[in-house]
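Close look at the chain arrangement
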Amino acid sequence: MNPAARLSIALLVGLVLWMPTFEATMRGDVDLPESAVRYLVAFLLARLAVGGLAALVRGYAAAEGEDENPAEDTIEGHDNDVARRRRGDAMPSASGLA
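Here the structure is a predicted model, which is why all the values come from computation and not from measurement. Counting restarts for each chain: residues are numbered from 1 in the order of the written sequence. Restriction of local features to residues with pLDDT of at least 70 applies here, the model being predicted, together with a cutoff of 80 or more for giving and counting side-chain atom pairs; totals for whole chains, interfaces and linings are based on all residues. Where side-chain values are given, they derive from all heavy atoms of the structure, hydrogens and water being excluded.

Secondary structure assignment for the protein yields 4 helices and 2 strands. In DSSP terms, a helix is any run of H or I states spanning at least four residues, a strand is any run of E spanning at least two, and both are numbered starting from the N terminus. For the protein, the sequential pattern of α-helices and β-strands runs α-α-β-β-α-α. To sort residues, take the accessible area from a 1.4 Å probe on protein chains only and compare it with the maximum for the residue type: under 20% means buried, over 50% means exposed, and anything in between is partly exposed. The buried share of the protein, taken over its 98 residues, is 15%.

Helix length check: helix H1 (residues 3-27) (25 residues) gives 35 Å between terminal C-alpha atoms against 36 Å at 1.5 Å per residue, within 8%. What we call the bend at a residue is the angle made by axes fitted to the seven residues finishing there and the seven residues starting there. Its maximal kink placed at Met 19, H1 deviates by approximately 50°, while the proline Pro 20 follows within four residues. Where H1 is concerned, the buried positions are Arg 6, Ala 10, Gly 14, Trp 18, Thr 21, Ala 24 and Thr 25. Any pair of residues with heavy atoms lying within 4.5 Å of one another is described as a contacting pair. Those residues of H1 hidden inside the fold are in contact with helix H2 (32-64). Here, expected helix span is obtained from the residue count minus one, scaled by 1.5 Å.

Take the packing of H1 against H2 next. Axis definition: a line fit to C-alpha positions, over the contact stretch in the case of helices; interaxial angles, taken between N-to-C directions, run 0 to 180 degrees. In contact at an axis separation of 7 Å, H1 and H2 are set at 145° when each is read in the N-to-C sense. When you trace H1 past H2, the crossing you get is right-handed. Any residue outside Ala, Val, Leu, Ile, Met, Phe, Trp, Tyr, Cys, Pro, Asp, Glu, Lys and Arg is labelled polar, Gly included; the first ten of those are nonpolar and the last four are charged. Of the residues belonging to the contact of H1 with H2, the class tally is 16 nonpolar, 4 polar and 4 charged. Each crossing is labelled by how the near helix is turned from the far one, with a counterclockwise turn of less than a right angle marking it left-handed and a clockwise turn marking it right-handed.

Another aspect to go through is the pattern of salt bridges. We count a salt bridge whenever a side-chain nitrogen from Lys or Arg sits within 4 Å of a carboxyl oxygen from Asp or Glu. Counting across every chain of the model gives 2 salt bridges. A salt bridge links Asp 29 to Arg 27, with the shortest nitrogen-to-oxygen separation between them at 3.1 Å. As far as the burial class goes, Asp 29 and Arg 27 line up, both exposed. In this structure, Glu 34 engages Arg 38 in a salt bridge whose closest nitrogen and oxygen atoms are separated by 2.7 Å. Here Arg 38 and Glu 34 lie together in helix H2, a separation of 4 residues that amounts to about one turn.

Note: predicted coordinates in regions of low pLDDT should not be interpreted at a detailed level. The predictor rates its confidence in each residue with pLDDT, a number between 0 and 100. A residue-level look at the protein finds 66% of positions with pLDDT of 70 or above and a mean pLDDT of 81. Looking across the protein, the model is least confident in strand E1 (residues 74-75), with a mean pLDDT of 54, and most confident in H1, with 95.

This is the structure:
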């Protein structure tokens, strides 16, 4: 996920978290500076949460790219290059053996 998308998501999540304070500010129950500080705190928490989630997804995506079956490449701890090469060799036909 690109940084601009992460920032946009954090801004929107911060706005959703701050919405009750906004409504209280419009009614006059909360002063404007206190409301601004609350939005800043909501935005920072959302920014940290979105960054952590993006790092988690990036980590799982990197693990997905690794070899999924490492045991297939080795037999009893030995390299399996010979076995792979032999599987790819052409099988002799019955007419070629006579």
